[in-house]
Every structure is written in structure tokens, then in C-alpha cells.
Amino acid sequence: MRIFGVLLRRELTAFFLSVTGYIIIAAVTLLIGLSFVVLITNLGTDPSPMPVTEMFYRTYFFWLIVLLAAPIITMRLYALEKSTGTFETLMTAPVGDFQVVAAKFAAAIIFYIVMWLPMAACLFIVRHLTSQTRALDAGTIGGMYLGTFLVGCLFLALGCFASAISRSQMAAAMISFVLGVSLFALGFLAEAIPVVAQWQTQVLSYFGLFEQMHDFARGVVDTRAVIFYVSLTLFFLFLTLRAVESRRWR
Amino acid sequence: MNGNTMIEVKNLTKRYAGRTAVADISFTVARGEIVGLLGPNGAGKSTTMRVLACFLPATSGTARVAGYDVFHESDEVRRRIGYMPENNPLYPEMRVREYLRFRARLKGLGWRRSRQRVSTVMEQCGLGDMGRRVIGQLSKGYRQRVGLADALVHEPELIILDEPTIGLDPQQIRAVRQLIKGLAEKHTVLISTHILSEAEMTCNRMLIMGDGKILAADTSDNLQRLMAGSSQIVAEIAASAEELREHLAQLPHVAHFDISAVDGTFLRCVLTPRDGLDVRPLIWLLARERGWLVRELTRSRHSLEDIYVQITKPREEEEEG
């Protein structure tokens with residue numbers, strides 16, 4: 001546990017001491033700001049029955065942020081250490097592979113949460129200005145954040161895996177971007193193919209990330225979606241662990 | 001294996017996809033020794049070290065450090081070694097003291113102990129006032145010292161240094177070498193290099209590798225003795241050429257000789273003795289008997305460089321991937 005703490009601290013330092021970290025935060029803040037502008041404009045024009053969080057989600061900047069930010073956050077984690085050789089010093093210290101994987105993932109998650117903080121400010125402003133508690137209750141905000149967190153876990157785990165199997169940061173980012181977009185697109189496939197085989201569409205519908213997140217944004221927490229995200233996250237973390245261990249059996 | 005053996009490598013083989021980097025090597029290193037691992041690029045030095053440092057598994061064979069198997073008890077082994085890989089990789093964005101504290105904590109030192117040890121090794125490695133400097137902005141020499149300090153910080157029993165002086169200027173090489181020599185009192189050191197003079201100066205014993213095999217393993221004195229069979233005697237004697245030739249031909253221990261004129265009355269004889277025997281006294285006795293003047297009588301010892309070149313020559317160099 002102490003080793004985990006030491007590693008986590010080092011990874012967080014790397015995030016917050018690097019220019020990349022601040023570029024990501026700045027870019028995400030810009031995108032959140034843009035969606036906020038769209039949101040305010042929509043709120044100003046016609047009345048809507050939707051919760052504010054759902055409107056926020058429907059500006060589509062959400063997926064742009066997740067799909068772009070996750071590969072950039074995670075690309076550094078293993079690929080950079082491998083290309084500079086620090087992976088060798090790291091793994092020849094008495095640390096467990098599991099501790100390394102867990103610490104790197106935890107650091108990525110913490111950075112991801114920090115990255116989303118501006119959204120909280122936006123929601124707070126909306127709440128303050130509208131003075132309508134119904135537009136923004138704790139349930140919808142909670143749902144939105146839980147969804148954002150779970151989606152983040154999944155895409156960051158995917159990014160960790162991509163980084164663990166590549167030697168260059170660029171390759172890692174591209175692999176995780178392609179994997180991420182494919183996963184995201186898989187959900188739309190269910191709608192695209194006609195109902196020929198029941199089970200196939202059913203399986204595909206589990207991958208409907210867009211719809212699941214839509215539910216979260218409305219404040220609806222579906223256990224199936226939670227289990228889906230958690231298990232897929234664990235699956236990719238397991239693959240990451242195997243990739244880190246692979247030097248032992250290659 | 002007794003308590004005095006630090007490293008015990010038995011029939012170690014490491015194959016990378018389609019290429020054998022280390023082929024069936026065995027050696028032992030006793031506690032307190034400084035052992036140099038020599039060889040041309042691609043001889044398998046780094047691979048051997050990586051296996052010992054538990055970074056790569058062996059394809060076959062075993063390696064034990066302080067009695068622990070590097071594969072099955074890698075945690076115990078890693079706690080006992082300080083390893084500095086080739087090119088000394090560091091985190092460039094961290095500050096020196098911050099990095100060393102991180103490494104100390106990672107290697108299991110407590111908070112107070114790590115502060116203490118970091119100060120000690122910084123002093124030891126001549127990093128006294130560099131604590132606040134960012135590693136990425138340090139000169140190569142200082143970075144090397146940071147790497148060394150990292151290898152030392154948890155007081156390991158065995159220190160493995162892969163090319164610790166590569167890319168340094170002579171002044172820095174000397175400083176690093178001095179540092180390594182100083183370590184010998186408390187630690188066992190395995191150091192790889194392809195610079196011979198370095199190994200000659202720092203190491204008690206040398207393992208010469210080539211093509212994944214150990215070609216020779218001994219102290220530098222013994223290695224030189226080993227090669228003495230082909231050493232030569234040079235004598236400069238003032239005598240007539242015929243007389244000299246006649247008498248030298250009668251010496252039973254001289255296998256072969258050459259005579260050439262140097263200046264004035266002196267002749268230069270280059271003798272090859274039989275069985276590596278030292279025939280200098282015989283030459284001197286002969287000269288005294290005949291009343292010749294002798295102004296030089298030396299045995300040319302093979303330098304380590306000759307030995308190295310001779311041992312590694314017939315094999316083709318192969319770049320390590």
C-alpha cells in the first residue's frame with residue numbers, strides 16, 4: 001500500500017508538472033465553456049422539459065472530450081517510460097506489477113476528475129441564475145457525475161492498455177483513440193442493423209455507450225450500465241497487467 | 001552455494017526472437033568483489049545484467065543473487081540490488097532530491113530513513129548542492145551521479161552498473177571510477193564496460209564476453225600471465241652481429257630471434273622464448289660472459305588490450321537489438 005502511495009504521488013506529479021497536463025485541462029475547459037455557451041443559448045430561447053445536465057450532455061461536446069482526452073491522458077503512462085528506459089529502473093525496484101498498474105490508473109482517474117471540475121462550476125452558475133431547483137437536483141447531478149466517472153474509467157483503462165503495449169506515445173494515443181471510437185460506434189450498430197437476430201442486437205445494445213450515458217445525464221442510474229462499465233474497465237486493466245507482465249514470459 | 005557467494009549464474013541462456021543473446025554462461029561472484037564484465041557491443045553484457053536485475057527472465061538456466069533465485073524470488077533479489085541500466089534513464093521533470101527520495105521510498109525505505117539516506121548518497125556522489133536542480137537540466141556527468149546515487153540509496157548488497165562511464169569526459173570518468181572503487185568496502189559491484197583501462201583500474205576480476213559466451217574470466221594479472229606464452233624479450237646489446245647470432249642460436253630456451261641494427265654499435269634483438277619462459281637472466285649472463293655492453297633488457301608484457309583483442313577477434317561483431 002505504501003508503494004502504491006509513492007507511485008501514485010509520482011504519477012500525479014508527472015501529470016501536474018508537465019505542460020501536456022495543463023494543455024489538456026485548458027482544452028477541456030474550452031470545450032466545456034463552448035457547451036456552456038450552447039446551453040445558455042438554448043435555455044434562453046425556448047422552455048424545455050429536460051434537466052440541465054441532459055441538455056449539457058446533448059451538446060455533444062461530452063463525447064468529444066472523453067474520446068480525445070482519454071488517449072492523451074494515458075498515452076504517457078507506459079509508452080514514455082518504455083521509450084526513455086525508466087520502465088527498467090521502475091520495474092527493477094521492488095515493486096509489484098499490480099501496484100504499478102493500479103497507481104498509474106488511479107493517477108489517470110484523479111487527473112480526469114480534476115479535468116471535469118469546470119463543468120461543476122458551469123452547473124453551479126446555471127443553478128444560481130435560474131433559481132429553479134427542479135432544473136438541477138442532486139439526483140441528476142449525481143447521475144451525470146457517476147456516468148462521467150464510469151465512462152472515464154472505461155476509456156482510461158483502454159488507454160492504459162494501449163500505452164502498455166506500445167513503445168511510442170503517438171502509437172499509444174492512436175491505438176486507444178481507434179479502440180475508443182470503435183467501442184463508441186459499436187452501440188450505434190445495434191440501431192443500424194435491422195432486427196434479424198435477436199441476441200446479436202441485444203449484445204450490441206449493451207455497448208450503447210451513448211444511450212447509457214444519456215440515461216446517466218437524466219439522472220437514471222441503470223445497474224446494467226454500471227456493471228457493464230465496471231466489468232469492462234476491470235477487463236482492460238487486467239489486459240494492462242498482463243501486458244506489463246509479458247516481459248516475463250516473452 | 002555458501003554465504004560468501006553473491007552471484008551464481010548457471011548455464012544461463014537468453015534468446016530473443018530468433019537470436020541468442022547469451023549462450024549457456026556460468027560464473028560466480030564472491031561477496032566484496034568488483035567484477036568487470038567486458039566485451040564488444042552486442043556481446044551479451046547488458047542482457048546478462050538485465051537477467052540479474054530481474055528485468056528479463058532467462059530462457060533457460062538459473063541465476064541467484066545472495067542465494068535468491070532471480071525469477072522465483074525476484075522481490076527479495078530486487079531489494080538487494082542497486083541497478084543502473086545502460087544510458088541511465090531518469091525522470092527529467094523531477095528535481096534531484098525529489099527523485100532520489102521517490103526512489104528511496106519505492107525501494108522500501110521509511111520516510112525518515114529515506115531523507116537520511118538521500119542526504120548521505122548525495123554527499124557521497126558529489127551532488128551536495130544539486131538537490132533543487134531539475135534533472136533534465138543537469139549535465140551528463142551530474143545525471144550519471146544521480147543514477148549512481150539512486151543505485152546506492154537503499155544500501156544494496158550488490159550494485160550492478162551497466163556502462164556507468166559512457167559518454168563522460170575524462171575528468172568525470174575519473175570521478176565516477178573513484179566513486180566505484182570506494183564502494184568496494186561495503187558492496188559487491190558488477191560493472192560492464194567496453195573500455196579496458198577502466199576495468200583494469202577498478203576491477204579485481206574480469207569476465208570477458210563475446211558473442212553471448214564468456215571467453216575468459218580471471219584477474220587482470222592472471223589474464224596477462226595467460227598470454228605470456230607469446231610475450232617477447234627485447235635486448236639491446238653492443239656486439240658483432242655474427243657473434244650474437246651464433247650465441248643466441250645456442251640458447252635452448254629461445255625459440256626464435258630477430259636482430260636489427262639500431263645505432264652505433266648496438267644491435268636490437270627481439271627474442272621469442274619457449275613456453276613463456278623468462279630468458280632475461282640468461283641473456284644477461286651471456287653478455288657478462290662475453291663482455292658485451294647491455295643497455296636494454298625488457299620483456300614486453302601483453303597489455304589487457306592485446307588480450308582483449310586476441311580473445312574477441314575471431315568472432316564477428318553483431319549489433320544488439
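The coordinates are above.
Draft legend 1. Fine view of the overall build of chain A. The helix and strand tally for chain A stands at 12 helices and 0 strands. What you see in chain A, going N to C, is helices and strands ordered as α-α-α-α-α-α-α-α-α-α-α-α. Relative to its length of 250 residues, chain A is compact, with a C-alpha radius of gyration of 19 Å against a globular reference of 18 Å. Evaluated residue by residue, chain A yields a buried proportion of 52% over its 250 residues. Contacts in chain A between residues at least 24 apart in sequence constitute 78% of all its contacts with a sequence separation of at least 6. Only carbon and sulfur atoms are counted for the fraction: they give 72% of the accessible area of chain A, which is about 11,500 Å².

Draft legend 2. Local environment of the packing of helix α7 (residues 117-130) of chain A against helix α8 (residues 138-164) of chain A. Residue and element names in this part refer to chain A. Interhelical geometry of α7 versus α8 gives an angle of 165 degrees and a closest axis separation of 12 Å. Accordingly, the angle class assigned to the pair α7 and α8 is roughly antiparallel. Note on packing geometry: the crossing formed by α7 with α8 is right-handed. Contacts between α7 and α8 involve M119, A120, L123 and R127 on the former and, on the latter, I141, M144, Y145 and T148.

Draft legend 3. Broad picture of the pairing of strand β8 (residues 188-193) of chain B. Residue and element names in this part refer to chain B. The element β8 is extensively covered by neighbouring structure, given that 6 of its 6 residues are classed as buried. Burial of the side chains of β8 extends over both faces: T188, L190 and S192 are buried on one face and V189, I191 and T193 on the other. Relative to β8, strand β7 (residues 158-162) runs parallel, the two being bridged by 5 bridges. By the bridge assignment, I160 is partnered in β8 with L190. Handedness of the crossover joining β7 and β8 through helix α6 (residues 170-183): right-handed.

Draft legend 4. Up close: the nonpolar core. Grouped together as the largest cluster of nonpolar side chains are 154 residues, with contacts concentrated most on A:W63, A:I73 and A:F155. For this core, the element with the highest residue contribution is α8(A), accounting for 12 residues. Excluding residues that lie within four positions of it along the chain, A:W63 makes contacts with A:Y57, A:L68, A:V151, A:F155, A:F184, A:L209, A:F210 and A:M213. Of all hydrophobic cores here, the second largest spans 18 residues; its members include B:I233, B:F257, B:L271 and B:L286.

What counts, and where the lines are drawn
Per chain, the residues get numbers from 1 upward, laid out in the order the sequence is written. Whichever chain is written first is A, and whichever ligand is written first is 1; the rest continue in order. It should be noted that, the model being predicted, local features are given only for residues of pLDDT at least 70 and side-chain atom pairs only at 80 or more, the latter also being counted only at that level, while totals for whole chains, interfaces and linings use all residues. Calculation of side-chain values draws on the structure's entire complement of heavy atoms; hydrogens and water are dropped beforehand. Only DSSP runs of H or I with at least four residues qualify as helices, and only runs of E with at least two residues qualify as strands; both kinds are numbered from the N terminus onward. This radius of gyration counts C-alpha atoms alone. The globule rule is 2.2 Å times how many residues there are, raised to the power 0.38. Relative accessibility decides the category of a residue: with a 1.4 Å probe and only protein chains considered, values under 20% of the type maximum give buried, values over 50% give exposed, and everything between is partly exposed. By the convention used here, residues are in contact when the closest approach between their heavy atoms is within 4.5 Å. Surface accessibility follows the Shrake-Rupley procedure with a 1.4 Å probe radius. Residue values consider only the protein chains on display as shielding. Here the axes come from fitting lines to C-alpha atoms, over the contacting stretch only for helices, and the angles between their N-to-C directions go from 0 to 180 degrees. In these notes the angle categories are as follows: under 35 degrees is roughly parallel, over 145 is roughly antiparallel, 65 to 115 is roughly perpendicular, and the rest is oblique. Each crossing gets its handedness from the near helix: less than a right angle anticlockwise from the far helix is left-handed, clockwise is right-handed. Here the rule is simple: two strands pair whenever DSSP picks up at least two bridges between them. Here the term right-handed applies to a crossover when the path leading from its first strand over the helix to its second strand runs clockwise, the strands being oriented away from the viewer. Definition of nonpolar core: a set of buried residues of the types Ala, Val, Leu, Ile, Met, Phe, Trp, Tyr and Cys, connected through side-chain atoms within 4.5 Å.

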